[in-house]
Structure formats: structure tokens, C-alpha cells
Amino acid sequence: IWGTAVSGAEAQRAPHIANIRFEGVEGESVLLALDMENVAVSTGSACTAGSLDPSHVLLAMGLDHAHALSAVRFSFGYGVTDAQVDRVLDLLPPIVDRLRNAAPLTPRS
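Residues numbered from 1 in each chain as written. Predicted model: local features only at pLDDT ≥ 70, side-chain atom pairs only at ≥ 80, totals over all residues. Heavy atoms only, no water.

### Observations regarding the overall build of the protein
- In terms of helices and strands, the protein carries four helices and three strands.
- Taken from N to C terminus, the helices and strands of the protein fall in the order β-β-α-α-α-β-α.
- Taking contacts inside the protein between residues at least 6 apart in sequence as the whole, the part at least 24 apart equals 70%.
- Of the accessible surface of the protein, which amounts to about 7,100 Å², a share of 56% is contributed by carbon and sulfur atoms. (Helix = DSSP H or I, 4+ residues; strand = E, 2+ residues; numbered from the N terminus. Contact = heavy atoms within 4.5 Å. Areas by Shrake-Rupley, 256 points an atom, 1.4 Å probe, with all protein chains shown as cover.)

### Some thoughts on the pairing of strand β2 (residues 17-22)
- Most of β2 sits inside the fold, with five of its six residues counted as buried.
- Pairing geometry for strand β1 (residues 4-6) and β2, over three bridges, is antiparallel. Its bridge partner being in β2, Ala5 is matched across the sheet by Arg21.
- Of the pairings in the sheet, the one linking β2 to strand β3 (residues 71-75) comprises five bridges and is antiparallel in character. Its bridge partner lying in β3, Ile20 is registered against Val72. (Buried < 20%, exposed > 50% of the residue type's maximum accessible area, 1.4 Å probe, protein only. Pairing = 2+ DSSP bridges.)

### Things to note about the packing of aromatic side chains
- For the structure shown, the criterion picks out zero aromatic pairs.
- In this structure, Arg100 is placed above the aromatic ring of Trp2, and the distance from its NZ or CZ to the ring centre is 3.9 Å. (Phe/Tyr/Trp six-rings, centres within 6.5 Å; stacked < 30°, edge-to-face > 60°. Lys NZ or Arg CZ within 6 Å of the ring centre and 35° of its normal.)

### Focus: the environment of Tyr78
- Along the chain, Tyr78 turns up in the loop between β3 and α4 (82-102).
- The sequence separation of Tyr78 and His16 amounts to 62 residues, and the corresponding C-alpha distance is 9.3 Å.

### So, the nonpolar core
- Counting 18 residues, the largest nonpolar core has Phe22, Val30, Leu34, Val41, Phe74 and Leu92 as the members making the most contacts within it.
- Listed by contribution, the elements that provide at least two residues to this core are β2, α1 (27-35), β3 and α4.
- With six residues, α4 is the largest single contributor of residues to this core.
- Not counting residues within four places of it along the chain, the set of residues in contact with Phe74 comprises His16, Ile17, Ala18, Ile20, Phe22, Leu34, Val41, Val88 and Leu92. (Core = buried A, V, L, I, M, F, W, Y, C linked by side-chain atoms within 4.5 Å.)

### Overview of the sheet that holds β2
- Overall, antiparallel pairing links the three strands, which are arranged β1-β2-β3 in an open sheet. Single-partner strands in this sheet number two, and they are β1 and β3. The sheet shows a mean angle of 25 degrees between the axes of neighbouring strands, direction not considered. (Axes fitted to C-alpha atoms, helices over the stretch in contact; angles between N-to-C directions.)

### Some points on the confidence of the model for the protein
- Confidence in the prediction for the protein averages 82 pLDDT; 74% of positions are at 70 or higher.
- At the level of individual helices and strands, the protein shows its lowest average pLDDT in helix α2 (residues 56-60), which scores 65, and its highest in α4, which scores 95. (pLDDT = per-residue confidence, 0-100.)

### Examining α1
- What α1 keeps buried is the set Gly27, Val30, Leu31, Ala33 and Leu34. Relative to the axis of α1, the buried residues are bounded by an arc of 165 degrees and lie together on one face. (Arc of directions from axis to C-beta.)

### Considerations on unusual backbone geometry
- Although it is not a glycine, Asn38 sits at a positive phi angle of roughly 65 degrees.
- Along the chain, Asn38 turns up in the loop between α1 and α2.

Rendered as C-alpha cells:
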């Protein structure tokens, strides 16, 4: 998916968690679309569940407001199968395209 980046890709991080940014899309919208497909992801840490503010961790890493809002956290536990990951990889491109076309995220001043 064009305009996609892994937050902290160069840093040491937990191998079972990936925080991925989707340029031009609010992470919360990706979360809701995946939830409708019975895929659970998050836009922040468990301690900030329910908040619509961007992740304070991503902001502290130097991401601007728009990039921090475009992030989605994927967690992979022991029960996650290759088939489930493949399904998410199939679901994501059309979801991101639809959201970019419907209401692109623009940087706040």
C-alpha cells in the first residue's frame, strides 16, 4: 500500500507488535473498517483506550499530529495464524483506498 510506513522501523521493538501508518487516512477509520470484518487492532496503547487523541508515544518519537493519527497497532499473539495475517493483508488495500477517496486526512495547523 503506497504511503504506508512502520513506526520505529529502525528501532529495537517488540517483535509481535507493528505500528503502521497509512498516509492520508485516520487510524480510527481503519480500526472501525477492520472491526466490521472481525479483525481487532488498536490505535493506541491499552492505557489510552477510547481516546481519539494521537498516541503520545508516536508524538514523542517525533511524528507530527497527522502521521500519529494515521497509525494503527497490529499485535500478533500465539493464536494468530498465517491465514489470518493473509486475510488482513487482503482486506487492507481496499479499505485504505476507500477511506482515502472518501475523506482524506489533512494535516492540522
